[in-house]
Amino acid sequence: MYREFAHLWQQISAPEDYTEEAAELREVMFDLLQGGPEPYRPKVLEMGVGGGNSLSHMTDFVDAVAADLSPEMLEISQRLNPSAEHVVGDMRTMRLDRTFDAVIVLDAISYMLTVDDLHSTFETARAHLEPGGVFIAGPDWLDGITPVPNLSCKLGKADELSYAEYVHDPHPADSQVELIFNFFIPQPDGSVSVEEDRHLHGIFPLETWLLTLREAGFESGTRRYNADVSGGSGYYITGVAI
Ligand SMILES: C[S@@+](CC[C@H](N)C(=O)[O-])C[C@H]1O[C@@H](n2cnc3c(N)ncnc32)[C@H](O)[C@@H]1O
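Residues numbered from 1 in each chain as written. Predicted model: local features only at pLDDT ≥ 70, side-chain atom pairs only at ≥ 80, totals over all residues.

1. Description of the packing of helix α4 (residues 115–127) against helix α5 (residues 206–215)
Describing two packed helices takes the angle between their axes plus the distance from one axis to the other.
Now for step 1: Remark: α4 packs on α5, axes separated minimally by 9 Å, with the N-to-C direction vectors making an angle of 45°. Overall, the two elements α4 and α5 adopt an arrangement that is oblique. Note that α4 runs across α5; the crossing there is right-handed. In this structure, α4 contributes Val115, Leu118, His119 and Phe122 to the contact, and α5 contributes Thr208, Thr212, Leu213 and Glu215.
Now for step 2: Each residue belonging to the contact of α4 with α5 can be placed in one class, and the counts come to four nonpolar, three polar and one charged. (Axes fitted to C-alpha atoms, helices over the stretch in contact; angles between N-to-C directions. Helix = DSSP H or I, 4+ residues; strand = E, 2+ residues; numbered from the N terminus. Parallel < 35°, antiparallel > 145°, perpendicular 65-115°, else oblique. Left-handed = near helix turned anticlockwise from the far one by under 90°. Contact = placed C-beta atoms within 7 Å. Nonpolar A, V, L, I, M, F, W, Y, C, P; charged D, E, K, R; others polar.)

2. Details of the sheet that holds strand β3 (residues 85–88)
Now for step 1: Strand order in the open sheet formed by seven strands is β3-β2-β1-β4-β5-β13-β12, with mixed pairing between adjacent strands. The open sheet terminates on both sides in strands that have one partner only, identified here as β3 and β12 (218–224). Adjacent strand axes in the sheet meet at a mean angle of 20° when their direction is disregarded.
Now for step 2: As paired elements, strand β1 (residues 43–47) and strand β2 (residues 63–68) share five bridges and run parallel to each other. Within β2, the residue paired with leucine 45 across the bridge is valine 65.
Now for step 3: Seen against the sheet, helix α2 (residues 19–33) touches β4 (100–105), β5 (129–137), β12 and β13 (235–241) and runs at an angle of roughly 160° to β5. (Pairing = 2+ DSSP bridges.)

3. Quick word on the pairing of strand β10 (residues 192–202)
Consecutive side chains of a regular strand alternate in pointing toward one face of the sheet and then the other.
Now for step 1: Across 11 bridges, strand β9 (residues 176–186) lies against β10 in antiparallel orientation. Its bridge partner being in β10, phenylalanine 183 is matched across the sheet by glutamate 195.
Now for step 2: Taking the residues that link successive antiparallel strands as the turn, the β9-β10 hairpin has five residues, and the phi of glycine 190 there is positive, at about 95°.

4. Let's talk about the site of the ligand
Now for step 1: Among the 20 residues in the neighbourhood of the ligand, the closest are listed as Tyr2, Gly48, Gly50, Asn53 and Ala108.
Now for step 2: Classifying every residue of the shell around the ligand gives nine nonpolar, seven polar and four charged. (Near = placed C-beta within 6 Å.)

5. Description of the environment of serine 110
Now for step 1: Secondary-structure assignment places serine 110 in the loop between β4 and α4.
Now for step 2: Serine 110 gets classed as buried once you count the C-beta atoms within 10 Å, which come to 23.
Now for step 3: Between the C-alpha atoms of serine 110 and glutamine 176, which are 66 residues apart in sequence, the distance is 9.4 Å.
Now for step 4: What serine 110 contacts, discounting residues up to four positions off in sequence, is Pro139, Asp140, Trp141, His201 and Gly202. (Buried ≥ 20, exposed ≤ 12 C-beta atoms within 10 Å, placed from the backbone.)

6. Some thoughts on α4
Now for step 1: For α4, which comprises 13 residues, the first-to-last C-alpha distance of 18 Å matches the rise-based estimate of 18 Å (1.5 Å per residue) to within 8%.
Now for step 2: Turning to α4, its buried residues number three or more, namely Leu118, Thr121, Phe122, Thr124 and Ala125. Down the axis, α4 shows its buried residues gathered within 155° of arc, on one side only.
Now for step 3: Buried-residue contacts for α4 involve β4, β5, β11 (204–205), α5 and β12. (Expected span 1.5 Å × (residues − 1). Arc of directions from axis to C-beta.)

7. Some details on the domain arrangement of the protein
Now for step 1: Here the domain parsing of the protein yields domain 1 (6–141 + 205–241) and domain 2 (152–202).
Now for step 2: The gap between the C-alpha centroids of domain 1 and domain 2 is 25 Å.
Now for step 3: Contacts between the two partners involve 11 residues from domain 1, matched on the other side by 13 residues from domain 2.
Now for step 4: Tallied by class, residues from the side of domain 1 that touches domain 2 come to six nonpolar, three polar and two charged. (Domains from an automatic or database assignment.)

Shown next as structure tokens:
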């Protein structure tokens, strides 16, 4: 989805879908940052920015650097968020050799499939923060908290395509769930092409998140948000760099 089908992203996900989430995130971030010299515009690094929908609600009040593995997704975010600097980077390994007031990874953290992946991402965040700097992650899934709808299917229709999203947990004992997308894309000649895209997401217990974050040099905690409106697990995992 994030390379070959990146051009479809804005059909299945729009900035408006992230309005409530962004408002909740803003509140949590400013609360953890505990202010700063006025007028306070924190420097924020968002890793896994994707199409920049979340970021589009933040650029009014932060100075942002946006990173993603996919150059195609960065291009979409760059168009939506021209004031932000955009860089290609893997959240597990990237090093920009500068620090920020906050590092955030929202739904993209779900692409971390192992505890080692989580640990590497937290180390990346720590490397971009001074002591007191803030880290916020927004996982889609929390083992034992977020029910994984076994064999659930969601349908969506946008202007140029329809899609089905099928989520299942084939092996509940491991730390992964699978999402399968089918896109139905009308073609100029009247035919419809069908494309399949499979994703794996990581699912870990809350204690694993908190412990792994502590091991990477953070005081760890959680903040709740209203998942009924914004989707996701309803938990932000938060860290303050030690
Ligand atoms: C669901 S999209 C993010 C959407 C975004 N929240 C928005 O508002 O548009 C997930 C993104 O995570 C990125 N991603 C996955 N693994 C990554 C990694 N290891 N490092 C950086 N980005 C990654 C994908 O390329 C994709 O753009």
